[in-house]
Amino acid sequence: MNDSGFTDLAGAIGAGGVFLFLIVVVWQVAATWRARMLAAREEQYKQLAVKYAQLLEDNVELHRRTVDELTQARGAITSMERMMREVG
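Here the structure is a predicted model, which means the values were calculated and not measured.

Student: Before we move on, could you go through the overall build of the protein and cite the residues and values that matter?
Tutor: Across its full length, the protein holds one helix and zero strands. Over its C-alpha atoms the protein spans a radius of gyration of 38 Å, topping by over 25% the 12 Å that the globule rule assigns to 88 residues. Its C-alpha atoms give the protein principal-axis dimensions of roughly 125 × 15 × 10 Å. Counting the 88 residues in the protein, one finds 0% classified as buried. Entry remark: accessible area of the protein is about 8,400 Å², with carbon and sulfur atoms responsible for 66%. On the protein, the mean spot of the 10 positive side-chain charges and the mean spot of the 11 negative ones are 7 Å from each other.

Student: Describe a nonpolar patch on the surface, listing the residues and the values that go with them.
Tutor: On the surface, V18, F19, F21, L22, V25 and V29 cluster together into a nonpolar patch covering about 590 Å² of accessible area. For V29, a relative accessible area of 53% translates into the label exposed.

Student: An account of the pattern of salt bridges is needed here, citing residue identities and associated values.
Tutor: What the rule picks out here adds up to three salt bridges. Put simply, E61 and R65 hold a salt bridge, and the shortest N to O gap is 3.4 Å. In this pair, E61 and R65 are both assigned in helix α1 (residues 3–87), four residues apart and thus about one turn of the helix distant. Between R64 and D68 there is a salt bridge, and its shortest N-O distance comes to 2.6 Å. With R64 and D68 both in helix α1 and four residues apart, this pair spans about one turn of that helix. Taking relative accessible area as the criterion, R64 reaches 41% and is therefore assigned partly exposed.

Reading the values: rules and limits
- Position numbers for residues count from 1 along each chain, tracking the sequence in the order it is written.
- Given that the model is predicted, a residue must reach a pLDDT of at least 70 before its local features are reported, and side-chain atom pairs must reach 80 or more before they are shown or counted; all residues, however, enter totals for whole chains, interfaces and linings.
- Calculation of side-chain values draws on the structure's entire complement of heavy atoms; hydrogens and water are dropped beforehand.
- Put simply, DSSP marks the helices as runs of H or I at least four residues long and the strands as runs of E at least two long, and each gets a number from the N terminus on.
- With C-alpha atoms as the basis for the radius of gyration, the globule rule is written as 2.2 Å multiplied by the number of residues raised to the power 0.38.
- Accessible area is worked out with a 1.4 Å probe on protein chains only. A residue is then buried under 20% of its type maximum, exposed over 50%, and partly exposed in between.
- Only the protein chains shown count as cover for residues, and all accessible areas are computed by the Shrake-Rupley method using a 1.4 Å probe.
- For this count, His and the chain ends are skipped, Lys and Arg are scored as positive, and Asp and Glu as negative.
- Charged side chains are reduced to one point each, which is NZ for Lys, CZ for Arg, CG for Asp and CD for Glu.
- Within the patch definition used here, like charges are joined within 9 Å and nonpolar side chains (Val, Leu, Ile, Met, Phe, Trp, Tyr) within 5 Å, considering only residues with over 30% relative accessible area and no salt bridge.
- Here, a salt bridge means any side-chain nitrogen of Lys or Arg that lies within 4 Å of a carboxyl oxygen of Asp or Glu.

Set out below in structure tokens:
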């Protein structure tokens, strides 16, 4: 092999190495970006879960209060019906 052939081969191997290095760098940057996006999405899901749990607790409390108020109203109506029967 002459010097020109060796130089061409070395240049081709060097260029291939540079391209391979650039591919690895781009691949790693993309993987890092994807991991950050997934972590951010997971954090958003956690925040939504906390918010949902709080809303559920608020809804349960509201339901309990409504049932209590209906029970009191039913008791008052029953008492008024008894009074009206006694008067009537």
